[in-house]
Amino acid sequence: MMTGLFPVERFKELETPFYYYDLDLLRKTLAVIAANAPEINFHVHYAMKACATPEVVQQIAKAGLGADCVSGGEIRAALAAGIPAERIVFAGVAKADWEIELALEAGIFCFNVESKEELEVISQTAFSKGMKARVCLRVNPEIDAHTHKYITTGMSENKFGIPMSDLDETVDKCAELKNIEFSGLHFHIGSQITDMQPFMLLAERVNTLVSQTESRGVRVNNINVGGGLGINYEHPNHMCIADFKTYFDIFRRHLNLRSDQTLHFELGRSVVAPCGSLITRVLYVKQGKEKQFAIVDAGMTDLIRPALYNAFHRIENISNNGPVDERYDVVGPICESSDVFLRNFDMAVTKRGDLLAIRSAGAYGEIMASQYNLRRLPGHVTSDDM
Ligand code: LLP
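Below: a short report on this structure. Keep in mind that what you see is a predicted model, and the values were worked out from it rather than measured.

1. A short note on the site of the ligand
Around the ligand sit 17 residues in total, of which S191, E266, R305, Y309 and Y364 are the nearest. Residue D68 places a side-chain N or O atom 3.4 Å away from a nitrogen atom belonging to the ligand. Between the ligand and E266, the relevant distance is 2.7 Å, taken from a nitrogen atom to a side-chain nitrogen or oxygen of the residue. Surface burial for the ligand is 92%, taken as the share of its 590 Å² of free accessible area covered by protein chains. Mapped by element, the contributors of at least two residues to the shell around the ligand are β10 (262-267) and α11 (305-309). Here the residues of the shell around the ligand sort into six nonpolar, five polar and six charged.

Structure below.
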């Protein structure tokens, strides 16, 4: 499957760098998600942290997805894009008092709670407003997602979630607190997971923990298995929609889900990553002693993933359709030696003024941009604007 050609002529008129979102591909992706998770008790919440660009979130809202938010700012952005409050879940290891108040006032579906201490604060806040807060407990399932160490979350050494050994006590605590309504369990094992086995192990662990919890006389009405489905960064044109079928099937097969229970997913990257590219202009092609550098106007401030996680993003010279037979280091303008997008990478012959597309950057791209070096934040355009 191809993502379609970039509107290069239009791009030439625009100031670079900017993000380009292919909303047609996003709509196709959302249709594939809907087709592969048709059960009424499967609820997909889009993880706002991946990309909160209004035009993108509005499409997601139209497709009927809920939102997984980790800050008051994300709750506001989800609501503004048209996601109803009753489809919003609010996670995060440290929710500030104002964020808890905002979430209660908005009437979100539930809080994913990560500690007993947090449970008490939410309870007090709900009490002061004469409300009851629905909560799911985030449990650390100690499952190795075999992904980058910065984005693995489900291991005992991570700061996330309630240790399994404290679960019973925390469930009992929910029952004691009058302004808390226990509504289920939440998990998330990591991100960019391409091997399906960790999800299978998660499903099995969830079965055990749900039985254990229900044996204490409470019902687990909601099970949230988080996000994490990976995408193919190597071949953005061949696999531009993630394998949602296999992913949902894993839970269908391995989770003992009753019809009175709802299964929640929090997918971020797999929904939006393939739809976004960072478009940048080549400023200089410099011959080094051993290397050739394509120095571009985008840097790690616009897309930090290569510098921070050593992540691979494919780059194409969209101004030259010729053979891909010249080798470059593609680097940014920032005064940091980690400001490198790719080393020893083959592209079509590249010259000053050419436009490059840094692919698969729709997730954790624009949203993680910074102003280091007092640079401007990157802008964005969508295929609907072209
Ligand atoms: N739910 C929770 C509780 C999460 O912590 C995350 C991501 C998600 C859902 C969504 O996961 P996804 O489906 O996108 O994998 N900045 C990093 C990724 C950090 C992910 C953090 N949590 C990167 O650029 O790779």
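From this point, the narrative continues.
2. Details of the packing of helix α6 (residues 116-128) against helix α7 (residues 167-176)
Axis separation between α6 and α7 bottoms out at 11 Å; the angle between their running directions is 10°. One way to sum up the angle between α6 and α7 is to call them roughly parallel. Residues K116, L119 and E120 of α6 lie in contact with α7, whose contacting residues are E169, T170, K173 and C174. By residue class, the composition of the contact of α6 with α7 is two nonpolar, one polar and four charged.

3. Let's talk about the nonpolar core
Y46, F111, L137, L185, F248, F265 and V272 are the most contacted members of the largest nonpolar core, which totals 103 residues. Per element, the largest residue contribution to this core is six residues, and it comes from helix α8 (residues 197-214). Excluding anything up to four places from it in sequence, L185 contacts C136, L137, V139, L167, L209, V210, T213, V220, N222, I223 and N224. In terms of nonpolar packing, the next biggest core, distinct from the first, is built from 10 residues, V8, F11, I318 and V381 among them.

4. Observations regarding the environment of E55
Note that E55 resides in helix α3 (residues 54-62). Counting along the chain gives 325 residues from E55 to H380, while the straight-line C-alpha distance between them is 9.7 Å. In this view, E55 contacts L23, H380 and T382; residues no more than four positions away in its chain are not counted. Polar side-chain contacts of E55 include one of 3.1 Å to the side chain of H380.

5. What to know about the packing of aromatic side chains
Applying the stated criterion to the full structure yields 17 aromatic pairs. With centroids separated by 5.3 Å and ring planes inclined at 75°, the aromatic side chains of Y247 and F251 adopt a geometry described as edge-to-face. Here Y247 pairs with F251, and both are found in helix α9 (residues 244-254), just four residues apart, close to one helical turn. No difference in accessibility class separates Y247 from F251, as the two residues are buried.

6. Description of helix α4 (residues 72-80)
Among the residues of α4, G72, E74, I75 and A78 are the ones counted as buried. One face of α4 carries all of its buried residues, which in axial projection span an arc of 160°. Of the residues trailing α4, G82 is marked for its positive phi of about 105°.

Definitions and limits used
- Residues numbered from 1 in each chain as written.
- Predicted model: local features only at pLDDT ≥ 70, side-chain atom pairs only at ≥ 80, totals over all residues.
- Heavy atoms only, no water.
- Near = heavy atom within 4 Å.
- Polar contact = N/O pair within 3.5 Å; in protein donor to acceptor, adjacent residues only side chain to side chain.
- Areas by Shrake-Rupley, 256 points an atom, 1.4 Å probe, with all protein chains shown as cover.
- Helix = DSSP H or I, 4+ residues; strand = E, 2+ residues; numbered from the N terminus.
- Nonpolar A, V, L, I, M, F, W, Y, C, P; charged D, E, K, R; others polar.
- Axes fitted to C-alpha atoms, helices over the stretch in contact; angles between N-to-C directions.
- Parallel < 35°, antiparallel > 145°, perpendicular 65-115°, else oblique.
- Contact = heavy atoms within 4.5 Å.
- Core = buried A, V, L, I, M, F, W, Y, C linked by side-chain atoms within 4.5 Å.
- Buried < 20%, exposed > 50% of the residue type's maximum accessible area, 1.4 Å probe, protein only.
- Phe/Tyr/Trp six-rings, centres within 6.5 Å; stacked < 30°, edge-to-face > 60°.
- Arc of directions from axis to C-beta.

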